[in-house]
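# Observations on chain architecture
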Amino acid sequence: MLQWAGVGLAGTAMPALGASPLSTQAAVPAVMKVGRNQAVKSLAEASQRARDGMVIEVDAGDYAADVASWPQSDLTLKAVGGRVRLLAMGAAAQGKGIFVTSGERLRIQGFDFIGARVPDRNGAGIRLERGSLSVRDCSFKNNENGILTSNDPATRLELEDCEFDTIVRHGGQNHNLYVGAIAHLRVIGCYFHHGQIGHLLKSRAAVNQILYNRLSDEIGGESSYELEFPNGGQALVLGNLIQQSSGTQNPHLISFGAEGLTWPKQELQLIHNTLVDQRPSGGIFLRVSPGPVKVRIFNNLLVGNPRFVTDKAWEQGGNFITDLDEFVLAARENYALRPNSSLRGKAVDPGDGFGQSLRPTRQYQHPRSTVALTQIARHPGAFQIP
């Protein structure tokens, strides 16, 4: 698990590029085993028996209509022996989702959340009410929302190596990931795809780190924004492949502050990303609402559209408009620069931000992970190595 450090929004810890806000020192925890051949047969039963600090090991397999609320703190839920598939089948904890969490430092690893639907059409694979939650190596498919959070200002969410697959189509109000006005969001090594009118990733958090992910709408996807920060905040968008499909419902790939710049500090760092516009009539790579926003844009590759509208107040460098021929095999989503590309070696020093160097130290690896870079990043875009 990655480590967190640094200084950020006044009065809060700012996550650095390599940390987790949920790390803690603890004694050897009690273990509860869950499965058809165990004393505890279901997640629902486990949630009633669990106590703070436990590790809950869940045997691989399908768990139908097995929904649960988790108010405990320092709890770890992990799949053992393969994937744990949670099939909602019309059930929902508290009428909200497959899991509802409200404890501090809760960890979930190795689960697939499938088919959450509720009467108000906001069913979520996970509903985060408050506390802090780390989700690793999980997937979300055919839910009304993958993960949906409250607006609790002290809540933190970290996602690592997760997949947010297609969601139920409900007129644009549902998103693959929808984060409310919480304190921190960190997303690393995740794969978002096939939005349905809503956004692939929408966050109202005060501080956002979107690191080394793939947000690609792909064939059959009809998302609106690929990435949206409707209330601005502090956002570091580093090392991502962000791809708008031909079926998009909105010309913008990234939007910042469209619903008002409500946080006291407004900053967008767009560093070492590959942005791909496949909208037939041409899309818009970035929209930033007018206001006191610090914007820095360095070492991005802008693909498929010859126009990139910027503001003279923005800090910029090392950005290039290019076409699909510069990449190894863009038709198969391999957006590494060809060995003979004239753009290789043209990255500039992106400087510092959020209390640290903004040079990438990893890159996204499909289908949902990251790999460490062994040399300093020299090329613009999200990919240093094929």
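Look above for the structure.
Just so it is clear, the structure is predicted and the values come from calculations on it, not from any experiment.

### A closer look at the overall build of the protein
Secondary structure assignment for the protein yields one helix and 36 strands. Against the 2.2 N^0.38 benchmark of 21 Å for 386 residues, the protein shows a C-alpha radius of gyration of 20 Å, consistent with a compact globule. Taking the principal axes of the C-alpha coordinates as reference, the protein spans close to 60 × 40 × 40 Å. Relative to its full complement of 386 residues, the protein shows a buried share of 61%. For the protein, contacts bridging at least 24 residues in sequence account for 66% of all contacts bridging at least 6. Carbon and sulfur atoms form 49% of the exposed surface of the protein, whose accessible area is close to 14,800 Å². Taken together, the 38 basic and 35 acidic charged side chains of the protein have centroids lying 1 Å from each other.

### Focus: the pairing of strand β5 (residues 97–101)
Most of β5 sits out of view: five of its five residues are buried. Strand direction decides the pairing type here: strand β3 (residues 68–70) and β5, joined by three bridges, are parallel. By the bridge assignment, Trp70 is partnered in β5 with Thr101. By the bridge criterion, four bridges tie β5 to strand β8 (residues 124–128) in an arrangement that is parallel.

### Observations regarding the side chain of Glu326
With respect to the helices and strands, the residue Glu326 is situated in the loop between β30 (320–322) and β31 (327–329). For the buried Glu326, which has no salt bridge, the nearest side chain bearing the opposite charge is Arg338, at an N-O separation of 4.0 Å. Of the polar contacts made by the side chain of Glu326, one reaches the side chain of Ser341; its length is 2.5 Å. Those residues in contact with Glu326 that lie beyond four places of it in its chain are Ala336, Leu337, Arg338, Ser341, Ser342 and Leu343.

### Digging into the state of the cysteines
Inspection of every chain in the model, using the stated rule, returns zero disulfides. Counting only cysteine sulfurs, Cys162 is the nearest neighbor of Cys138, a cysteine outside any disulfide, at a range of 5.1 Å. Of the cysteine sulfurs around Cys162, a residue in no disulfide, the closest is that of Cys190, at 4.7 Å.

### What to know about the pattern of salt bridges
Scanning the model with the defined rule gives 18 salt bridges in all. Across the pair Glu160 and Arg136 runs a salt bridge, and its minimum N-O distance is 3.6 Å. Of this pair, Glu160 sits in strand β12 (residues 156–160) while Arg136 sits in strand β9 (residues 132–136), and the two are 24 residues apart along the sequence. Given the relative accessible area of 25%, Arg136 is considered partly exposed.

### Here we look at the pairing of strand β1 (residues 31–34)
By the alternation rule, side chains of β1 split into Met32 and Val34, which are all buried, and Val31 and Lys33, of which none is buried. As judged from the four bridges shared by β1 and strand β2 (residues 55–64), these two strands associate in the parallel manner. Residue pairing in the sheet places Lys33 in a bridge with Glu57 of β2. With helix α1 (residues 43–49) bridging β1 and the parallel β2, this β-α-β connection has right-handed handedness.

### Structural notes on unusual backbone geometry
In this structure, the amide linkage connecting His366 to the following residue, Pro367, adopts the cis form with an omega of 15°. The residue Pro367 is located in the loop between β35 (362–365) and β36 (369–372) in this model. Look at Ala65: it is not a glycine, yet its phi comes out positive at around 55°. As for its placement among the helices and strands, Ala65 is situated in the loop between β2 and β3.

### Focus: the packing of aromatic side chains
Counting across every chain of the model gives ten aromatic pairs. Through successive ring pairs, a cluster of aromatic residues spans Trp70, Phe99, Phe111, Phe113, Phe140, Phe164 and Phe192.

### A closer look at the sheet that holds strand β11 (residues 145–149)
Within a beta sheet, neighbouring strands are joined by backbone hydrogen bonds and run either parallel or antiparallel to one another. Taken in spatial order, the nine strands make up an open sheet running β3-β5-β8-β11-β14-β17-β20-β23-β26, and their pairing is parallel. With one partner strand each, in any of the chains shown, β3 and β26 (284–288) form the two edges of the open sheet. The mean angle between the axes of side-by-side strands here comes to 10°, regardless of whether they run parallel or antiparallel.

### Overview of the nonpolar core
General note: in soluble globular proteins, nonpolar side chains tend to be found buried as a group. Grouped together as the largest cluster of nonpolar side chains are 71 residues, with contacts concentrated most on Trp70 and Phe99. Counting residues in each nonpolar core, the second largest holds 14 residues, with Val303, Ala330, Ala336 and Phe383 among its members.

### So, the environment of Val179
Along the chain, Val179 turns up in strand β14 (residues 177–179). Along the sequence, Val179 and Asn151 sit 28 residues apart, while their C-alpha atoms lie 8.0 Å from each other. Non-local contacts of Val179, meaning those with residues more than four positions away in its chain, are made with Thr149, Leu157, Leu185, Lys202, Ser203, Arg204 and Ala205.

Conventions adopted
Residues numbered from 1 in each chain as written. Predicted model: local features only at pLDDT ≥ 70, side-chain atom pairs only at ≥ 80, totals over all residues. Heavy atoms only, no water. Helix = DSSP H or I, 4+ residues; strand = E, 2+ residues; numbered from the N terminus. Rg over C-alpha atoms; globule rule 2.2 N^0.38 Å. Buried < 20%, exposed > 50% of the residue type's maximum accessible area, 1.4 Å probe, protein only. Contact = heavy atoms within 4.5 Å. Areas by Shrake-Rupley, 256 points an atom, 1.4 Å probe, with all protein chains shown as cover. Lys, Arg positive; Asp, Glu negative; His and termini not counted. Charge placed at Lys NZ, Arg CZ, Asp CG, Glu CD. Pairing = 2+ DSSP bridges. Salt bridge = Lys/Arg side-chain N within 4 Å of Asp/Glu carboxyl O. Polar contact = N/O pair within 3.5 Å; in protein donor to acceptor, adjacent residues only side chain to side chain. Disulfide = S-S within 2.5 Å. Right-handed = clockwise from strand over helix to strand, strands pointing away. Phe/Tyr/Trp six-rings, centres within 6.5 Å; stacked < 30°, edge-to-face > 60°. Axes fitted to C-alpha atoms, helices over the stretch in contact; angles between N-to-C directions. Core = buried A, V, L, I, M, F, W, Y, C linked by side-chain atoms within 4.5 Å.

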